[in-house]
Amino acid sequence: MGGTYNPPHIGHIAMADFVRRSCSYDKVVLVPSFQPAHKIVSTGITPQQRLDMAQLAAEEIENAFVSDCEIRREGVSYSIETVRYLKEYYRLDSKPGLVIGDDLINGFPKWHKVDELVNEADIIVLHRGEDFEMGLPFPHTYLSNDMIPVSSSEIRQRVRQRLSISEYVPPSIAEYIFSRGLYLE
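Figured I'd write up the structure that's included with this text. Within each chain, residue numbers correspond to sequence positions counted from 1 in written order. Local features in this predicted model are restricted to residues whose pLDDT is 70 or higher, and side-chain atom pairs enter the listing and the counts only when it is 80 or higher, whereas totals over whole chains, interfaces and linings include all residues. Working from all heavy atoms in the structure, the side-chain values ignore hydrogens and water.

### Some points on the sheet that holds strand E1 (residues 2-3)
Right, so step 1: Pairing between two strands requires that DSSP report at least two bridges joining them. Secondary structure elements follow DSSP: runs of H or I of four or more residues count as helices, runs of E of two or more count as strands, with numbering from the N terminus. The parallel open sheet is built from three strands, whose spatial order is E1-E2-E4. Of all strands in the sheet, those bounded by a partner on one side alone are E1 and strand E4 (64-66).
Right, so step 2: Note that strand E2 (residues 28-32) and E4 share three bridges and pair parallel. Within E4, the position partnered with Leu-30 by the bridge is Val-66.

Next up, the structure:
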């Protein structure tokens, strides 16, 4: 599961565990992006801080860990490069799953080297609350997951407003955010 994890929240944690169990994967890997190809990362937080929080989130998920491959690689993070790295580094003997939200379906055919990506990874699509037409022209598995109404942008806004985020993130992530004064500007 790639993403900015800015910050990671209970939705990320629940979905990672749901995918691992639903697809019978041995492990789930959270991969914080350095710079997503289709999104700007909010300023004022470093890639290392997002990586640290992803590691705290992974501690909440059975059989999960974090890869820093995109942070170390720097530059724009492309899923095909990450999939290839993980396959080689972990000597995978089967295709890894690549988890995307259905909110990314419309732009997915334009992803970097998408034809190669769908040949090298099983595409797992999660419902994120939008009613997107599932016209994905590639093989994929659409999982019917429960919706968890939380977003990283909402959490950042609540922190700026000095409101509680305890129902949205584990205590370790809340403590990390507040002890470092993240998202206050």
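### A few points about the sheet that holds strand E8 (residues 141-143)
Right, so step 1: Spatially, E6-E7-E8 is the arrangement adopted by the three strands of the open sheet, whose pairing is parallel. The sheet terminates laterally at strand E6 (97-101) and E8, the two strands that pair on one side only. The average undirected angle you get between the axes of adjacent strands in this sheet is 30°.
Right, so step 2: Of the strands in this sheet, E6, strand E7 (122-126) and E8 are in contact with helix H1 (residues 10-22), which crosses E7 at around 130°. Between N-to-C directions, angles span 0 to 180 degrees; the directions come from axes that are lines fitted to C-alpha atoms, helices contributing only their stretch in contact. For this analysis, residues touch if any pair of their heavy atoms sits within 4.5 Å.

### Re the pairing of E6
Right, so step 1: Within E6, four of the five residues are buried, which leaves it mostly tucked inside the rest of the structure.
Right, so step 2: Looking at chain direction, E6 and E7 are connected through five bridges and run parallel. Opposite Leu-98, over in E7, you have Ile-123 as the bridge partner. Per-residue accessibility, obtained with a 1.4 Å probe over protein chains only, is compared with the maximum for each type, and a residue is labelled buried under 20%, exposed over 50%, and partly exposed between these values.

### Looking at a nonpolar patch on the surface
Right, so step 1: In this scheme, patches are assembled from residues that exceed 30% relative accessible area and form no salt bridge. Like charges are connected within 9 Å, while nonpolar side chains (Val, Leu, Ile, Met, Phe, Trp, Tyr) are connected within 5 Å. Here, Shrake-Rupley sampling with a 1.4 Å probe gives the accessible areas, and only protein chains in the shown set may cover a residue. For this document, the term salt bridge refers to a Lys or Arg side-chain nitrogen within 4 Å of an Asp or Glu carboxyl oxygen. There is a patch of nonpolar side chains on the surface, built from Tyr-89, Tyr-90 and Leu-92 and spanning about 300 Å² of accessible area.
Right, so step 2: Its place among the elements puts Tyr-90 in the loop between helix H4 (79-89) and E6.
Right, so step 3: You can call Tyr-90 partly exposed: its relative accessible area is 36%.

### Focus on the nonpolar core
Right, so step 1: Take the buried Ala, Val, Leu, Ile, Met, Phe, Trp, Tyr and Cys residues and link them wherever side-chain atoms come within 4.5 Å; each set so joined is a nonpolar core. Leu-30, Met-53, Ile-165 and Ile-177 are the most contacted members of the largest nonpolar core, which has 34 residues in total.
Right, so step 2: Among the elements that make up this core, the one with the highest residue count is helix H2 (residues 47-58) (six residues).
Right, so step 3: What Met-53 contacts, discounting residues up to four positions off in sequence, is Tyr-5, Pro-7, Pro-8, Ile-45, Ile-173, Tyr-176, Ile-177, Leu-182 and Tyr-183.
Right, so step 4: Counting 15 residues, the second-largest nonpolar core is a separate cluster that includes Leu-98, Val-114, Leu-117 and Val-125.

### What about H1?
Right, so step 1: Look at H1: 18 Å from first C-alpha to last across 13 residues, which is about the 18 Å you get at 1.5 Å a residue.
Right, so step 2: The secondary structure elements touched by the buried residues of H1 are E2, H2, E6, E7, E8 and helix H6 (152-160).
Right, so step 3: Two residues or fewer after H1 comes Ser-24, characterised by a positive phi angle close to 55°. A helix is expected to reach a length of 1.5 Å times the quantity of its residues less one.

### Comments concerning the environment of Arg-160
Right, so step 1: In this fold, Arg-160 is placed in helix H6.
Right, so step 2: Remark: the alpha-carbon pair of Arg-160 and Glu-185, spanning 25 residues in sequence, is separated by 6.8 Å.
Right, so step 3: Aside from chain neighbours lying at most four places away, what touches Arg-160 is Tyr-183, Leu-184 and Glu-185.

### So, the environment of Phe-65
Right, so step 1: Of note, Phe-65 is situated in strand E4.
Right, so step 2: Beyond its immediate chain neighbours, meaning those up to four positions away, Phe-65 contacts Lys-27, Val-28, Val-29, Leu-30, Ala-58 and Tyr-90.

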